[in-house]
Amino acid sequence: MATDRPEIEIRGLHKSFGDNHVLRGIDLEVARGEVVCVIGPSGSGKSTLLRCVNLLEEPSAGRVFVGGTEVTDPDVDIDAVRRRIGMVFQQFNLFPHVDVAGNLTLPQRRVLGTDTARAAAVARENLARVGLADKTDAYPAQLSGGQQQRVAIARALSMGPEVMLFDEPTSALDPELVGEVLSVMRVLAGEGMTMMVVTHEIGFAREVADRVVFMDGGVIVEQGPAARVVGRPQQERTRNFLDRIL
Ligand code: ADP
Ligand code: MG
């Protein structure tokens, strides 16, 4: 497979829910190892955009490629595609009745068919990666929100994804717990993971993002290096948004 092809390629993407035309022609490429932060007002279509990348939502028009495979090809093996894409949500979505180790081993066994011993080893490795090696036996309810979100990230990593999508991963957290989750994401970015991150954490975007994309009304209004989009926005809509959140 050609390595110069973007890891994620979105072309002419539209998505409507009934009469609500939410995505109105999105073109976006994310290179291998690139970190793209997506910012924009509530309702601008950021979550819908991420969800179209792994077909949690079916695009109304346009094409999406991940790792060179067309996700929007009607004949695609979507389960195979989803295995290559890890997703982390605002709500952590852990299995509440299973301990932390189980949260990481069950999907590997069910989706990948990994044997028990191997799945447990991968779980340990990824819990160590997010700083939670000592929590394998805990249940989600016994953990802080920040720890739960780090488990959710470790669970996604256990599937060996090529791409990670984050949808406001720190928005449900108490302020003092945001930093530990951003730290894990910063390390992943440093390791070369390809990431799309919807976030209101402008400081994180400035520090970690290779590119910031500002969306409003279902289109990309402006994109570029964080220092430019956040530091010297060219578009009035971007300036208004940043004025409101900073
Ligand atoms: P953002 O993440 O930027 O806040 P969303 O992508 O969640 O925006 O939502 C954009 C628009 O799409 C909103 O008007 C929302 O109500 C609508 N929408 C999102 N998901 C659905 C859905 N599953 N069914 C109907 N409407 C939806
Ligand atoms: Mg959203």
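Cut-offs and rules
Residues numbered from 1 in each chain as written. Chains lettered and ligands numbered in written order. Predicted model: local features only at pLDDT ≥ 70, side-chain atom pairs only at ≥ 80, totals over all residues. Heavy atoms only, no water. Helix = DSSP H or I, 4+ residues; strand = E, 2+ residues; numbered from the N terminus. Rg over C-alpha atoms; globule rule 2.2 N^0.38 Å. Buried < 20%, exposed > 50% of the residue type's maximum accessible area, 1.4 Å probe, protein only. Axes fitted to C-alpha atoms, helices over the stretch in contact; angles between N-to-C directions. Parallel < 35°, antiparallel > 145°, perpendicular 65-115°, else oblique. Left-handed = near helix turned anticlockwise from the far one by under 90°. Contact = heavy atoms within 4.5 Å. 1 Å grid on protein atoms, 1.4 Å probe; cavity = no way out; pocket = protein on both sides within 12 Å on 5 of 7 lines; lining within 4 Å. Points joined across faces, edges and corners; volume = space filled by probe spheres on them. Nonpolar A, V, L, I, M, F, W, Y, C, P; charged D, E, K, R; others polar. Phe/Tyr/Trp six-rings, centres within 6.5 Å; stacked < 30°, edge-to-face > 60°. Lys NZ or Arg CZ within 6 Å of the ring centre and 35° of its normal. Pairing = 2+ DSSP bridges.

S.K.: Before we move on, can you summarise the overall build of the protein chain with the specific residues and values?
M.R.: Within the protein chain, the secondary structure is distributed over 9 helices and 10 strands. Relative to the globule expectation of 18 Å for 246 residues, the C-alpha radius of gyration of the protein chain, 18 Å, shows essentially globular dimensions. For the protein chain, the C-alpha atoms occupy an extent of roughly 50 × 45 × 35 Å along the three principal directions. Considering the protein chain as a whole, with its 246 residues, one finds that 51% of them fall into the buried category.

S.K.: Lay out the packing of helix α3 (residues 100–112) against helix α4 (residues 116–129) in plain terms, naming residues and giving numbers.
M.R.: Orientation of α3 relative to α4, taken along the N-to-C sense of each, is 130 degrees, at an axis distance of 9 Å. Considering their axes alone, α3 and α4 lie oblique with respect to each other. Handedness of the α3/α4 crossing: right-handed. Across from Val 100, Ala 101, Leu 104, Thr 105, Gln 108 and Arg 109 in α3, the residues of α4 making contact are Thr 116, Arg 118, Ala 119, Ala 120, Val 122, Ala 123, Asn 126 and Leu 127.

S.K.: Explain the layout of surface pockets to me, and be specific about the residues and the numbers.
M.R.: As a volume, the largest pocket reaches approximately 580 Å³. The wall of the largest pocket is formed by 21 residues, among which Ile 85, Met 87, Phe 89, Arg 155 and Met 159 lie closest to the centre. Listed by contribution, the elements that provide at least two residues to the lining of the largest pocket are α2 (78–83), β6 (85–88), α3 and α5 (145–158). For the lining of the largest pocket, a count of residues per class yields 13 nonpolar, 4 polar and 4 charged.

S.K.: Account for the packing of aromatic side chains, with residues named and values stated.
M.R.: The full count for this structure, using the stated rule, is 1 aromatic pair. Here Phe 214 and Phe 241 contribute two aromatic rings whose centre-to-centre distance is 5.4 Å and whose plane-to-plane angle is 40 degrees, an arrangement assigned as tilted. Placement of Phe 214 in strand β9 (residues 211–216) and of Phe 241 in helix α9 (residues 236–245) is noted, with a sequence separation of 27 residues between them. The burial state of Phe 214 is the same as that of Phe 241; both residues are buried. Sitting above the plane of the Phe 95 ring, Arg 155 keeps its charged end 4.8 Å from the centroid.

S.K.: Residue-level account of the sheet that holds strand β5 (residues 69–70), with values.
M.R.: If you walk across this open sheet you meet the 4 strands as β2-β1-β4-β5, and the pairing is antiparallel. Sheet topology places β2 (20–30) and β5 at the edges, where each strand pairs with a single neighbour. When strand β4 (residues 61–66) meets β5, the two strands line up antiparallel, connected through 2 bridges. Bridge pairing links Phe 65 to Glu 70 in β5.

S.K.: Can you break down empty space enclosed by the protein residue by residue, with the values?
M.R.: The rolling of a water-molecule-sized probe over the atoms marks out the regions of remaining empty space. Within this structure, the stated rule accounts for 1 cavity of 30 Å³ or more. The volume enclosed by the largest cavity comes to roughly 40 Å³. As for the largest cavity, its lining consists of Arg 129, Val 130, Leu 157, Val 184, Val 187, Leu 188 and Glu 191. Broken down by element, the residue count for the lining of the largest cavity peaks at 3 residues, all from helix α6 (residues 175–190). A class-by-class count of the residues in the lining of the largest cavity yields 5 nonpolar, no polar and 2 charged.

S.K.: Give a detailed account of the pairing of β2, specifying residues and quantitative values.
M.R.: The sheet contact formed by strand β1 (residues 8–17) and β2 spans 8 bridges and is antiparallel. Considered in β2, the bridge of Ser 16 is made with His 21. Here β1 folds back onto β2 in antiparallel fashion, the turn holding 2 residues, of which Gly 18 has a positive phi close to 60 degrees.

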